[in-house]
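Now for the letters of each chain:
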Amino acid sequence: MDQLFDISLFNSTLRILTPILLAALGGAICARVGLFNVGLEGLVLVGAFSAILGNHLLGNVWLAVVFAVICVMLFSLLFAYISINLRANVIVVGISLNFLAAGLTTFCLRAIFDVKGAYYDKNMQGLPKWDIPLIKDIPVIGGIFSGHSPLVYAAFVAAIVMWVYLFKTVSGFRLRAAGENPVAAQSLGIPVRRIQYGAVLVSGMLCGLAGAQLSLGQVTMFTEGMTAGRGFIALVATMLGQSNPLGVVASSLLFGLMDAFSIRLQGFALPAQFTQMLPYIVTLVAMFFFKDRSYLKDAQRANGSSR
């Protein structure tokens, strides 16, 4: 058991869960305004490619992160315009954006870098690892929480800030009102459409950070389809957390742990196909036992309001 559960397992859990947590927070704020964002997978994929492209063009990892955030926010505006202004079905729009992102990143990979499958530059610098003063010297705790990229810590800070904003501020109350009853909110003078656009842009920003962590914080490269379903797992984490940032953190921790555990099992001569299935099996089991029917009603309401 000591070989399965040790400090390095929990350390890798924090690193692996970060893209899921950031994307899930983006899905949560969209859900709070009545937009069921199925396009998280595509947004994270665009962020991962944009981060590598920005690093290649600008030569600075921090500017690359900013470049990725801007690109994904612009890409998310496509989701906002079609869903809000044109009142299209949000589920169909999200799925379409996933396919668009997959094709667009593959095309850009070949058109810009002239490679197929993956791009890697040995001279490219990834995100630095931060050792937290005082904490790094504490046994066990230092080994788990220290030595991560800044985006790992930013993800948990973002969750706390989002929780405070949604439940402790007036503007957060208005945002939730715009999603729960847009007609009543609009009758009170709350700019529902403007709030929805703002939520989608924040979701794009968080997904851009998730993609940057994926391509610059973990491997410093880009491969076609490198999100590998993390956006869909983030969507499930949003649903399990009931769009509550703290609940999203808990569900993301579960999926991150299972993903790290599946990688650990590969060292015990277990088939790679079996270990790679583990996070998705846990996702299905979690949806079966902890399903939230109110979320189905929210999706149906969003679908109905888009007609």
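Coordinates for the structure precede this section.
Because the structure is a prediction, the values reported are computed rather than measured.

Novice: Explain the pattern of salt bridges to me, and be specific about the residues and the numbers.
Specialist: This structure, assessed with the given rule, holds one salt bridge. Arg 110 is paired through a salt bridge with Glu 224; the nearest N and O atoms lie 3.8 Å apart. Here Arg 110, found in helix 4 (residues 90-112), pairs with Glu 224, found in the loop between strand 2 (222-223) and helix 10 (230-240); they are 114 residues apart in sequence, far enough to count as distant.

Novice: For helix 7 (residues 170-180), give the residues involved together with the corresponding values.
Specialist: Along an α-helix, a turn takes 3.6 residues, which lines up residues three or four apart on a common side. The set of residues buried in helix 7 consists of Gly 172, Leu 175, Arg 176, Ala 177, Ala 178 and Gly 179. The backbone nitrogen of Gly 172 lies 3.1 Å from a side-chain oxygen of the residue at the head of helix 7, namely Thr 169.

Novice: Report on the packing of helix 1 (residues 7-32) against helix 10, specifying residues and quantitative values.
Specialist: At a minimum axis distance of 8 Å, the contact between helix 1 and helix 10 shows a crossing angle of 55°. Between helix 1 and helix 10, the angle is such that the two are oblique. Here helix 1 runs over helix 10; the crossing is right-handed. Note on element contacts: helix 10 touches helix 1 through Arg 230, Ile 233, Ala 234, Ala 237 and Thr 238, opposite Ile 20, Ala 23, Ala 24, Gly 27 and Ala 28. Of the residues contributing to the contact of helix 1 with helix 10, the split by class is seven nonpolar, two polar and one charged.

Novice: With reference to specific residues and values, describe the nonpolar core.
Specialist: If you look at the biggest cluster of nonpolar residues, it comprises 90 residues, and the most contacted ones within it are Leu 25, Leu 35, Leu 216, Phe 222 and Phe 255. The element that contributes the greatest number of residues to this core is helix 1, accounting for 13 residues. With residues near it in sequence (within four places) discarded, Leu 216 still touches Ala 51, Ile 52, Asn 55, Val 61, Ala 64, Met 124, Gly 126 and Leu 127.

Novice: Describe in detail the packing of aromatic side chains, supporting the description with residues and values.
Specialist: One pass over the structure, following the stated rule, counts four aromatic pairs. Relative to Phe 113, the ring of Phe 49 has its centre 6.1 Å away and its plane inclined at 75°; by these criteria the two rings are edge-to-face. Of this pair, Phe 49 sits in helix 2 (residues 40-58) while Phe 113 is found in the loop between helix 4 and strand 1 (118-119), placing the two residues 64 residues apart along the sequence. Plain terms: the ring middles of Trp 163 and Phe 167 are 6.1 Å apart, the flat faces sit at 45° to each other, and that makes the pair tilted. Here Trp 163 and its partner Phe 167 are both found in helix 6 (residues 150-168), four residues apart, which amounts to about one turn of the helix. Judged by relative accessible area, Trp 163 falls into the partly exposed class, the value being 27%.

Novice: Residues and numbers for the packing of helix 6 against helix 11 (residues 245-265), please.
Specialist: Where helix 6 meets helix 11, the closest approach of the two axes is 8 Å, and the angle between their N-to-C directions is 150°. The angle between helix 6 and helix 11 falls in the class roughly antiparallel. On the side of helix 6, the interface is formed by Phe 156, Ala 159, Met 162, Trp 163, Leu 166 and Phe 167, while helix 11 contributes Pro 245, Leu 246 and Val 249. The residue makeup of the contact of helix 6 with helix 11, split by class, is nine nonpolar, no polar and no charged.

Rules of the game
Residues numbered from 1 in each chain as written. Predicted model: local features only at pLDDT ≥ 70, side-chain atom pairs only at ≥ 80, totals over all residues. Heavy atoms only, no water. Salt bridge = Lys/Arg side-chain N within 4 Å of Asp/Glu carboxyl O. Helix = DSSP H or I, 4+ residues; strand = E, 2+ residues; numbered from the N terminus. Buried < 20%, exposed > 50% of the residue type's maximum accessible area, 1.4 Å probe, protein only. Polar contact = N/O pair within 3.5 Å; in protein donor to acceptor, adjacent residues only side chain to side chain. Axes fitted to C-alpha atoms, helices over the stretch in contact; angles between N-to-C directions. Parallel < 35°, antiparallel > 145°, perpendicular 65-115°, else oblique. Left-handed = near helix turned anticlockwise from the far one by under 90°. Contact = heavy atoms within 4.5 Å. Nonpolar A, V, L, I, M, F, W, Y, C, P; charged D, E, K, R; others polar. Core = buried A, V, L, I, M, F, W, Y, C linked by side-chain atoms within 4.5 Å. Phe/Tyr/Trp six-rings, centres within 6.5 Å; stacked < 30°, edge-to-face > 60°.

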